[in-house]
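Listed below, chain by chain, are the residues.
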Amino acid sequence: MAIAVNVRNGNLAAVEPFTETGTNHYPRLYYVFLGLLARLFDKDIILTWQVTGLAFQLLMVVAISWLLIRLTGVPALGALGFVPSIIGTFAVLATGNWHHTLDNHAVLWGAFGVLFTLNGESAALSLAVTAVCLLIGATFPAGHRPESVLHRRRTAAIIVAAGAVGFLANVQTYSFLTTVYLLLYAAAAYGLLTYGRKIHVIASLGILAAVLFGGPTIASVAGPLATLMAGVLAAVPGFLLLLLRYKTLVISSCAALALAASPTILGTLLGLAAKDDFLTYRELSSKALGVPLGTGLLAALVPLLFLALIFWAGMRQRNRAWLAFSIGAVFAWPVVASNDLWGANQEPYRFWIDSFTIVTAAAVPVLLQVAVESWRLWRSSVQTKAIDTSSIAEEAASDGGGVKTATYTAQTTKLRLTGTVATATIAAVVTVTAVAVSFGDYPKFTEYVQSYGTANFSDEQSVAIRNASKPLTDDDSELKIRRAEDGTASELVMFDPCISQFRLKAVTGLPTAFYNLGLAWPKEEAKLREVVEQRKHYVFAQSLAASAGVKYILTDSGCEQGWQDKVDGTKVSESRYKIGEETAVITLWKIK
């Protein structure tokens with residue numbers, strides 16, 4: 001939000017968002033977009049954040065609904081577009097809570113948990129699901145319409161979807177990489193199934209084994225990020241088979257993806273080449289964020305059931321699209337979500353969550369296509385076999401000696417049909433039951449959200465902070481903090497322990513003496529890190545803060561651990577607000 005606030009206030013520079021100093025390599029396009037929208041329409045950043053985030057999710061639900069109708073031909077099924085978003089991870093059943101807690105800060109939760117924040121990851125996943133739906137709708141069987149009529153539209157849709165996937169690199173790295181893994185593995189599986197030989201399959205499995213076992217060596221030489229990208233090499237043999245068959249389409253799609261992803265990828269590579277301190281730290285900072293096998297399998301039970309049924313139907317009906325989708329997902333998901341075990345070690349739990357969200361959203365329409373197509377095929381088979389059995393019985397009766405043979409044939413046919421119905425019924429009951437149990441996470445989540453509430457930046461303290469800070473924000477004030485031409489600020493504002501850095505930044509937009517260690521680093525990172533650490537212990541290290549660029553400080557007299565009497569400086573302005581029956585004062589100081 002700090003990035004969006006800065007853009008809302010006219011600072012588009014790629015700086016660390018709180019202090020507005022240093023360099024920011026974080027994919028920030030979505031937040032720049034939010035800031036520009038808020039600035040264009042002169043709206044509050046919170047309102048813009050909520051409306052825009054919901055709009056992206058609405059687009060995702062519409063895309064799922066469209067795919068449901070396109071794949072099944074049943075318009076009523078379009079009403080189920082929201083279902084993938086509320087499928088859970090059996091957390092309530094296993095832990096009594098709406099999420100699984102892992103080591104460090106890692107967690108596993110359903111799509112509703114990651115989508116709720118309406119941040120860049122939420123928007124990126126919404127766009128990723130939309131792109132995947134478009135690709136499935138364009139590449140799966142096109143119904144009864146002649147392929148020649150759809151060829152150009154399908155080609156254009158595939159290229160547009162590929163460009164949208166590439167665009168994700170500028171919005172959220174993990175969503176981009178997760179989508180690339182899933183699409184490349186699924187495409188490779190289709191290439192192997194359709195055009196491959198045993199040697200190609202062996203080559204793919206050999207490359208995968210080499211990467212998984214040799215990952216630590218690759219990481220020691222090329223770095224964790226390069227190792228993470230090496231994980232897609234197993235898809236190369238199958239992908240090359242598609243390239244040889246569909247050169248123009250594959251090259252155009254890859255070019256669209258690469259071009260859309262290039263701004264952030266090139267910037268990151270240049271930063272790594274220049275040994276940027278933050279990027280070096282960020283590559284090596286992921287620890288104890290893996291997903292235990294048992295927890296990961298339990299949490300993924302519903303989409304895994306979906307994939308198993310799609311695979312089974314693909315085998316029975318020899319549908320290579322279904323097989324490629326299920327095989328690609330079953331390989332890509334665990335590979336990218338276990339990257340801590342093979343050298344990359346880049347927040348594997350986040351890849352698990354993103355994979356869960358995308359795979360579940362895509363699997364629901366495909367599974368319903370399987371169900372509808374299987375139902376139609378079964379009905380047609382029943383009618384055909386009924387006619388065949390009747391014909392055999394008539395012939396046997398006319399011959400006078402084949403009654404037993406006819407009876408045996410009829411009974412065998414009936415047993416086969418009964419066995420198929422029984423298998424399908426058991427599979428349906430198990431799947432529906434699993435989905436219903438997983439839904440239990442969602443009410444628990446809503447209960448949690450309602451009990452904690454959402455961020456509020458219009459309360460009395462926020463208003464007082466905004467009023468007390470006016471000398472630093474008003475254009476007519478001599479004290480207004482201004483930015484240099486490159487967007488960097490030279491004066492920072494500190495705050496006492498009872499004033500939230502998020503609230504201060506959101507309501508004032510001022511360069512704030514705080515930063516997120518894993519997002520971007522300010523110019524005086526070492527000094528500012530110590531100042532922030534001291535604040536956690538209610539200590540105001542004024543001399544150190546001043547050397548880090550802090551020139552002003554806000555204090556709250558209603559704070560028991562406040563710094564009202566610890567500041568060596570001059571009062572600039574004050575603003576009062578109510579805490580129950582008491583009156584507190586927010587004071588802006590200019591420190592010596």
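Preceding this section is the structure that the text describes.
To keep things clear, this report deals only with the structure shown in the data block.

Calculation rules
- Residues numbered from 1 in each chain as written.
- Predicted model: local features only at pLDDT ≥ 70, side-chain atom pairs only at ≥ 80, totals over all residues.
- Heavy atoms only, no water.
- Helix = DSSP H or I, 4+ residues; strand = E, 2+ residues; numbered from the N terminus.
- Buried < 20%, exposed > 50% of the residue type's maximum accessible area, 1.4 Å probe, protein only.
- Contact = heavy atoms within 4.5 Å.
- Areas by Shrake-Rupley, 256 points an atom, 1.4 Å probe, with all protein chains shown as cover.
- Lys, Arg positive; Asp, Glu negative; His and termini not counted.
- Charge placed at Lys NZ, Arg CZ, Asp CG, Glu CD.
- Pairing = 2+ DSSP bridges.
- Axes fitted to C-alpha atoms, helices over the stretch in contact; angles between N-to-C directions.
- Phe/Tyr/Trp six-rings, centres within 6.5 Å; stacked < 30°, edge-to-face > 60°.
- Core = buried A, V, L, I, M, F, W, Y, C linked by side-chain atoms within 4.5 Å.
- Salt bridge = Lys/Arg side-chain N within 4 Å of Asp/Glu carboxyl O.
- Disulfide = S-S within 2.5 Å.

## Focus on the overall build of the protein
From N to C terminus, the protein includes 24 helices and six strands. The principal-axis extent of the C-alpha atoms belonging to the protein is close to 115 × 55 × 45 Å. Taking all 592 residues of the protein together, 48% fall into the buried category. Pairs at least 24 residues apart make up 72% of the contacts formed inside the protein by residues separated by at least 6 positions. Accessible surface computed for the protein: about 28500 Å², of which carbon and sulfur atoms make up 62%. Separation of charge centres in the protein, based on 46 positive and 41 negative side chains, amounts to 11 Å.

## Regarding the sheet that holds strand 6 (residues 582-591)
What links the strands of a sheet is backbone hydrogen bonding, and the strands pair in either a parallel or an antiparallel sense. Here four strands make up an open sheet; going across it, the order is 3-4-6-5 and the pairing mixed. A strand with exactly one partner marks an edge of an open sheet, and here the two such strands are strand 3 (492-495) and strand 5 (569-579). Each strand axis lies, on average, 20 degrees off the axis of its neighbour in the sheet, ignoring direction. Summarising the sheet, strand 3 and strand 4 (residues 550-556) pair through four bridges and their orientation is parallel. By the bridge assignment for strand 4, phenylalanine 495 is matched with leucine 554. Across the face of the sheet, helix 20 (residues 460-468) comes into contact with strand 4, strand 5 and strand 6 while running at roughly 155 degrees to strand 5.

## What about the packing of aromatic side chains?
A complete count under the given rule lists 20 aromatic pairs for this structure. Ring plane angle 85 degrees and centroid distance 5.5 Å describe the contact between phenylalanine 116 and phenylalanine 445, whose orientation is recorded as edge-to-face. Taken as a pair, phenylalanine 116 in the loop between helix 5 (111-115) and helix 6 (120-139) and phenylalanine 445 in helix 19 (residues 441-452) lie far apart in primary sequence, 329 residues in all. By relative accessible area, phenylalanine 445 is classed as buried at 6%. Judged by centre distance (6.1 Å) and plane angle (10 degrees), the rings of tyrosine 181 and tyrosine 185 are stacked.

## Brief notes about the nonpolar core
Core analysis: the biggest nonpolar cluster contains 142 residues, and Ile136, Tyr181, Phe325, Trp352 and Leu554 have the highest contact counts within it. With near-sequence residues (within four places) excluded, leucine 554 lies in contact with Ile465, Ala468, Ser469, Val493, Met494, Phe495, Asp496, Ile499, Leu504, Ile586, Thr587 and Leu588.

## Regarding the pattern of salt bridges
The final tally for this structure, using the stated rule, is 14 salt bridges. Arginine 350 is the partner of glutamate 121 in a salt bridge, and the nearest nitrogen-oxygen pair spans 3.2 Å. Of the two residues, glutamate 121 is situated in helix 6 and arginine 350 in helix 17 (residues 348-399); the sequence distance between them amounts to 229 residues. Residue classification places arginine 350 among the buried residues on the basis of a relative accessible area of 19%. Residue glutamate 373 is joined to arginine 376 by a salt bridge in which the shortest nitrogen-to-oxygen separation is 3.5 Å. With glutamate 373 and arginine 376 both in helix 17 and three residues apart, the pair spans about one turn of that helix. Among the residues examined, glutamate 373 registers a relative accessible area of 30% and is labelled partly exposed. Given a relative accessible area of 40%, arginine 376 falls into the partly exposed group. Each of Glu20, Arg483 and Lys505 takes part in one network of salt bridges that share partners.

## Topic: unusual backbone geometry
It is generally the case that most residues other than glycine have a negative phi and that most peptide bonds are trans. The phi dihedral of aspartate 42 is positive, around 55 degrees, even though this residue is not glycine. Within the secondary structure, aspartate 42 is located in the loop between helix 2 (29-41) and helix 3 (45-72). Under the relative-accessibility criterion, aspartate 42 is labelled exposed at 57%.

## Notes on the pairing of strand 5
For strand 5 and strand 6, the ladder comprises 10 bridges, and the chain directions are antiparallel. Each bridged residue has a counterpart across the sheet, and for isoleucine 579 the counterpart in strand 6 is glutamate 582. Hairpin remark: strand 5 followed by strand 6, antiparallel, with two residues in the connecting loop; positive phi at glycine 580, about 65 degrees.

## Structural notes on the environment of alanine 313
Along the chain, the position of alanine 313 falls in helix 15 (residues 301-317). Assessed through its relative accessible area of 3%, alanine 313 is described here as buried. Note: C-alpha distance between alanine 313 and serine 374 (61 residues apart in sequence) is 7.8 Å. Setting aside its immediate chain neighbours within four residues, alanine 313 contacts Arg318, Trp322 and Val370.

## Examining the state of the cysteines
Counted by the stated rule, this structure contains one disulfide. The disulfide partner of cysteine 498 is cysteine 559, and the gap between their sulfur atoms is 2.1 Å. Torsion about the S-S bond of the cysteine 498 and cysteine 559 cystine: about 70 degrees, corresponding to right-handed handedness. You can see cysteine 498 sitting in the loop between strand 3 and helix 22 (501-508) and its partner cysteine 559 sitting in the loop between strand 4 and strand 5, a full 61 residues away along the chain. The partly exposed category is assigned to cysteine 498, whose relative accessible area is 33%. Among the residues examined, cysteine 559 registers a relative accessible area of 9% and is labelled buried.

Honestly, that's just the spatial picture; any functional story needs more than this.
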